[in-house]
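Observations on the model geometry
For reference, the chains in residue letters:
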Amino acid sequence: MTEREYNECVNLYADNVYRFILKNLRHEEDARDVVQGAFEKMWVSRAQVAHERSKSYLFTVAYRQMIDHIRKNKRISLKEEFKDDANGSVAPRHDTRRILNEALSKLNEQQRSLVMLKDYEGYSYEEIGKITGLNESQVKVYLHRARLQLREYIVKVENVI
């Protein structure tokens, strides 16, 4: 990969990778660090990375660095979220985005990543398998279970959209 191709890759994929990592980590600074680390790793390995495979390579590296970050910081857990009424204002009862984010937060890291890669980023099962290190049938099964969990949460009486 040439320097020009690398810069093109940054322009094309930086936002997608950042969105994917941010949705999983839910912390902007950590997401930026993971994405920056992924691009740095791609820069160092640019001679071995074919331009056609740069998107897949980038998402794979970012996903693995995100998992490493989660494992490293698992012992430290700071609570930055507050209940809706903690700040004195009451949000609308049926806020679709809030309900979807809550439903996603109920999934484990692997399920959330699979849902994000398939439904938000549009990757195929095969590509997701390469990124996550799972085989295609595992991806399908885990994704199916995650979607069932999402549906179960979203259709609860108090969360009906």
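Since the structure is predicted, the reported quantities are computational estimates derived from the model, not experimental observations.

Regarding the overall build of the chain
On a plain count of helices and strands, the chain comes out with seven helices and zero strands. Listed N to C, the secondary structure of the chain is α-α-α-α-α-α-α in terms of helices and strands. Counting the 161 residues in the chain, one finds 37% classified as buried. Once local pairs closer than 6 in sequence are excluded, the contacts in the chain between residues at least 24 apart make up 68%. When the accessible surface of the chain is split by element, carbon and sulfur atoms take 48% of a total near 10500 Å².

Concerning helix α4 (residues 96–105)
Those residues of α4 lying buried are Arg 98, Ile 99, Ala 103 and Leu 104. Packing partners of the buried residues in α4 comprise α1 (3–25), α5 (109–120) and α7 (136–154).

Side note on the packing of aromatic side chains
Remark: the centre distance and the inter-plane angle together describe each pair of aromatic rings, the angle taken between the planes. Following the criterion strictly, the structure yields four aromatic pairs and no others. An angle of 50° between the planes, with centres 5.8 Å apart, marks the rings of Phe 20 and Phe 59 as tilted. Of the two residues, Phe 20 is situated in helix α1 and Phe 59 in helix α3 (residues 54–73); the sequence distance between them amounts to 39 residues. Residues Phe 59 and Tyr 123 carry aromatic rings whose centres are separated by 5.0 Å and whose planes lie at 70° to one another, so their mutual orientation is edge-to-face. Taken as a pair, Phe 59 in helix α3 and Tyr 123 in the loop between α5 and α6 (125–132) lie far apart in primary sequence, 64 residues in all. Looking at Phe 59, the relative accessible area reads 0%, which means it is buried.

As for the nonpolar core
Counting residues in hydrophobic clusters, the biggest one holds 42 residues, and the most contacted among them are Val 17, Ile 21, Leu 58 and Met 66. Those elements that provide at least two residues to this core are α1, α2 (28–44), α3, α4, α5, α6 and α7. Apart from residues lying up to four places away in sequence, Met 66 is in contact with Ile 21, Asn 24, Leu 25, Val 34 and Ser 113.

Topic: the environment of Tyr 153
Position of Tyr 153 among the secondary structure elements: in helix α7. In this structure the C-alpha to C-alpha distance between Tyr 153 and Ile 99, which are 54 residues apart in sequence, comes to 8.7 Å.

Let's talk about the confidence of the model for the chain
Looking at the chain, the pLDDT average stands at 82 and 84% of residues meet or exceed 70. The least confident element of the chain is α4, whose mean pLDDT is 81; the most confident is α2, at 91. Note that residues 84–92 has pLDDT below 50 and, in this model, three contacts with residues that lie over four places away or in other chains.

Re the side chain of Ser 54
Among the secondary structure elements, Ser 54 is positioned in helix α3. With a relative accessible area of 1%, Ser 54 lands in the buried category. Sequence-distant contacts of Ser 54, defined by excluding residues within four places in its chain, comprise Met 1, Cys 9, Tyr 13, Met 42 and Val 49.

Some thoughts on the packing of α1 against α3
At a minimum axis separation of 10 Å, α1 and α3 run at an interaxial angle of 30°. In this view, α1 runs roughly parallel relative to α3, as classed from their interaxial angle. When you trace α1 past α3, the crossing you get is right-handed. Of α3, the residues touching α1 (which contributes Cys 9, Tyr 13, Asn 16, Val 17, Phe 20, Ile 21, Asn 24 and Leu 25) are Ser 54, Lys 55, Leu 58, Phe 59, Ala 62, Tyr 63, Met 66, His 69 and Ile 70.

Rules behind the numbers
- Residues numbered from 1 in each chain as written.
- Predicted model: local features only at pLDDT ≥ 70, side-chain atom pairs only at ≥ 80, totals over all residues.
- Heavy atoms only, no water.
- Helix = DSSP H or I, 4+ residues; strand = E, 2+ residues; numbered from the N terminus.
- Buried < 20%, exposed > 50% of the residue type's maximum accessible area, 1.4 Å probe, protein only.
- Contact = heavy atoms within 4.5 Å.
- Areas by Shrake-Rupley, 256 points an atom, 1.4 Å probe, with all protein chains shown as cover.
- Phe/Tyr/Trp six-rings, centres within 6.5 Å; stacked < 30°, edge-to-face > 60°.
- Core = buried A, V, L, I, M, F, W, Y, C linked by side-chain atoms within 4.5 Å.
- pLDDT = per-residue confidence, 0-100.
- Axes fitted to C-alpha atoms, helices over the stretch in contact; angles between N-to-C directions.
- Parallel < 35°, antiparallel > 145°, perpendicular 65-115°, else oblique.
- Left-handed = near helix turned anticlockwise from the far one by under 90°.

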